[in-house]
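# A structural walkthrough
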Amino acid sequence: MSTILLPRPASGRTRSTLGTLARIEARRFARHPLFLFGAVLGLWAATTTRDEVSPSVFDYPAGPAFFVGLLGFVVAYRLTTSTRTSAEAVDGCPVATPVRTAALALACLVPFAAGTVIAALEFGLVRSAALPVNAWGTYGNVDSAMILLVGPAVMCLGGPLLGVAAGRWVRFPGAALLLAALLVAGSMLAGFATMETALPADSVAMRVAHVLTPYTVFGSTAGESQFAPADRAVVSYTGSPAWYVAYLVCLTGLALVAALLSGAEGGLRRRLHRLAMVLTLSAVGCLAFAALGGNQAPMLTQHDGTTVVRVPAG
């Protein structure tokens, strides 16, 4: 009885297939009506929202995070659940699920690029505006860049990658909208936990909760948060923006690993499991530094200085 040796697929062929699929998926993403709608609204918000309209610079990250990151999550989910037919565009040969998933992940660079442009535009306009001296509260140049530029850009990549992962593992009617609603609800609860909480805002539990979700808010004007009646007073919330962004990077990596695990076998699956463990430990560490670093309590910054805000439980 003879043995038939089948040749291993050439790595060059795999790269060629991945590149072809990635270009296909990138075009599908860039042409999707929901992505185009979000990108246009994000640009509109970046160029029309000014300090006279929006009372706080901390409102600006919501534009790219929602219009590109969250809507990108929905787009990526829908593209992922429709990829059974995309492999037919590549010479009829079966394409492994991890390769198709990697192509979708590369396509997420489209919303990442769009979100980065919008965030950079917002950052430039805000930094060039004539803002009050206390507009950024207790945050310096590095933290302000993390809040307004780097963080939103990471969200515009993490959201779509999470959509790819959800599309691989969660499939039932309305799943994309339900998951998007849960993301919004959880982020809003955590982001504004400093303002309305059943525990003191400076407690460890509330500081962790404030930076736990993929989107949070690092400050507001006193008029919004009702901490003080002074006009243009700024409240800086708890936590470290830089470590929070590092935490978001870890979550983004975990979303990618979760997506690639679908259909992965053998050595690839073992490597992904090890990478997931490293990213999980890194995320926990970054979360701890984000919660315990930075402001330990809400800080009220007015023209004449900064004081600690003691927020009663309620």
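Conventions and cut-offs
- Starting afresh in each chain, residues are numbered from 1 along the sequence in its written order.
- Since the coordinates come from a predicted model, pLDDT governs what is reported: local features require at least 70, and pairs of side-chain atoms require 80 or more to be given and counted, while whole-chain, interface and lining totals use all residues.
- The basis for every side-chain value is the complete set of heavy atoms in the structure, and neither hydrogens nor water enter the calculation.
- Here a helix means four or more residues in a row that DSSP labels H or I, a strand means two or more in a row labelled E, and each is numbered from the N terminus.
- Any residue under 20% of the maximum accessible area for its type is buried, any over 50% is exposed, and the rest in between are partly exposed; the area is computed with a 1.4 Å probe on protein chains only.
- The contact rule is simple, with two residues in contact once any of their heavy atoms fall within 4.5 Å.
- Computed with the Shrake-Rupley method and a 1.4 Å probe, the accessible areas treat only the protein chains shown as cover for residues.
- By definition, a salt bridge exists where a carboxyl oxygen of Asp or Glu is found within 4 Å of a side-chain nitrogen of Lys or Arg.
- Two strands qualify as a pair provided that DSSP identifies no fewer than 2 bridges between them.
- A 1.4 Å probe that fits into a set of points on a 1 Å grid over the protein atoms alone but cannot get out defines a cavity; an open set with protein on both sides within 12 Å along at least five of seven lines defines a pocket, and lining residues are those with an atom within 4 Å of a point.
- Grid points are joined across faces, edges and corners, and a volume is the space filled by probe spheres set on the points.
- Here the term charged refers only to Asp, Glu, Lys and Arg, the term nonpolar to Ala, Val, Leu, Ile, Met, Phe, Trp, Tyr, Cys and Pro, and the term polar to all other amino acids, Gly among them.
- Every residue carries a pLDDT, the predictor's confidence in it, which falls somewhere between 0 and 100.
- Two distance rules govern patches: like charges are joined within 9 Å, and nonpolar side chains (Val, Leu, Ile, Met, Phe, Trp, Tyr) within 5 Å, applied only to residues with over 30% relative accessible area and no salt bridge.
- Buried residues of nine kinds, namely Ala, Val, Leu, Ile, Met, Phe, Trp, Tyr and Cys, make up a nonpolar core once their side-chain atoms join them within 4.5 Å.
- Between rings of Phe, Tyr and Trp, where Trp is taken as its six-membered ring, a pair exists when centres lie within 6.5 Å; planes separated by under 30 degrees are stacked, by over 60 edge-to-face, and by other angles tilted.
- Angles shown run from 0 to 180 degrees and are taken between the N-to-C directions of axes, each axis being a line fitted to C-alpha atoms and, for helices, limited to the stretch in contact.

## Brief notes about the overall build of the protein chain
For the protein chain, the helix and strand inventory stands at eleven helices and four strands. Counting the 314 residues in the protein chain, one finds 47% classified as buried. Contacts in the protein chain between residues at least 24 apart in sequence constitute 79% of all its contacts with a sequence separation of at least 6. Element-wise, carbon and sulfur atoms account for 68% of the exposed surface of the protein chain, whose accessible area totals about 15200 Å².

## Describing the pattern of salt bridges
Enumeration according to the criterion identifies one salt bridge in this entry. Across the pair E25 and R28 runs a salt bridge whose closest N-O atoms are separated by 2.8 Å. Of the two residues, E25 and R28 are both situated in helix α1 (residues 11–31); the distance of three residues between them amounts to about one turn of the helix. Judged by its relative accessible area of 28%, R28 is partly exposed.

## Points about the pairing of strand β4 (residues 305–308)
Looking at chain direction, strand β3 (residues 299–302) and β4 are connected through four bridges and run antiparallel. Note on β4: the bridge partner recorded for Q302 is G305. Counting the residues that bridge the hairpin from β3 to β4 gives two residues.

## A look at the layout of surface pockets
Summary: where empty space remains is shown by rolling a probe the size of a single water molecule over the atoms. For the largest pocket, the calculated volume is near 600 Å³. Lining the largest pocket are 26 residues, with M155, L183, S187, P214 and Y215 sitting closest to its centre. Mapped onto the lining of the largest pocket, the elements with two or more residues apiece are α3 (62–80), α6 (141–169), α7 (175–191) and α10 (241–261). Partitioning the lining of the largest pocket into residue classes produces 20 nonpolar, five polar and one charged.

## Some points on empty space enclosed by the protein
Considering all chains together, one arrives at three cavities of 30 Å³ or more under this definition. Within this model, the largest cavity holds a volume of roughly 90 Å³. Only α6 and α10 provide two or more residues apiece to the lining of the largest cavity. At four residues, the largest contribution of residues to the lining of the largest cavity is made by α6. For the lining of the largest cavity, the per-class residue count stands at eleven nonpolar, two polar and no charged.

## Overview of the confidence of the model for the protein chain
Taken as a whole, the protein chain shows an average pLDDT of 84; of its residues, 82% reach a score of 70 or greater. Mean pLDDT in the protein chain bottoms out at helix α9 (residues 222–225), which sits at 52, and peaks at α10, which reaches 97. For residues 224–230, every residue scores under 50 in pLDDT, and the model assigns this stretch 20 contacts once sequence neighbours within four places are set aside.

## Side note on a nonpolar patch on the surface
There is a patch of nonpolar side chains on the surface, built from F66, V184, M188 and F192 and spanning about 310 Å² of accessible area. Here F66 shows up in helix α3. Overall, F66 belongs to the partly exposed group, its relative accessible area being 38%.

## So, the nonpolar core
Ranked by size, the top nonpolar core spans 33 residues in total, and within it F58, W136, V211, F218 and Y244 carry the most contacts. Contributions of two or more residues to this core are made by α5 (109–128), α6, β2 (234–236), α10 and α11 (266–292). In terms of nonpolar packing, the next biggest core, distinct from the first, is built from 15 residues, V75, A105, L157 and A259 among them.

## Comments concerning the packing of aromatic side chains
Applying the stated criterion across every chain, the model contains eight aromatic pairs. Between the aromatic rings of F58 and W136, the centroid separation amounts to 5.6 Å while the plane-to-plane angle is 80°, which identifies the pairing as edge-to-face. Of this pair, F58 sits in the loop between α2 (33–48) and α3 while W136 sits in the loop between α5 and α6, placing them 78 residues apart in sequence. Here the two residues F58 and W136 agree in accessibility, since each one is buried.

## Points about the environment of A290
Relative to the helices and strands, A290 is located in helix α11. Distance in space between the C-alpha atoms of A290 and P241 is 6.9 Å, their sequence separation being 49 residues. Among all residues touching A290, those that are not within four sequence positions of it are V211, G239, S240, W243 and Y244.

## A short note on the sheet that holds strand β1 (residues 219–221)
Reading across the sheet, the four strands line up as β1-β2-β3-β4 and stay open at both edges, with antiparallel pairing between neighbours. Strands with a single pairing partner mark the edges of an open sheet, and in this sheet they are β1 and β4. On average, each strand axis in the sheet is tilted by 20° relative to the strand beside it, whichever way the strands run. Bridge count for β2 against β3 is three bridges, and the pairing is antiparallel. In the sheet register, V235 faces β3, and the bridge partner there is L300.

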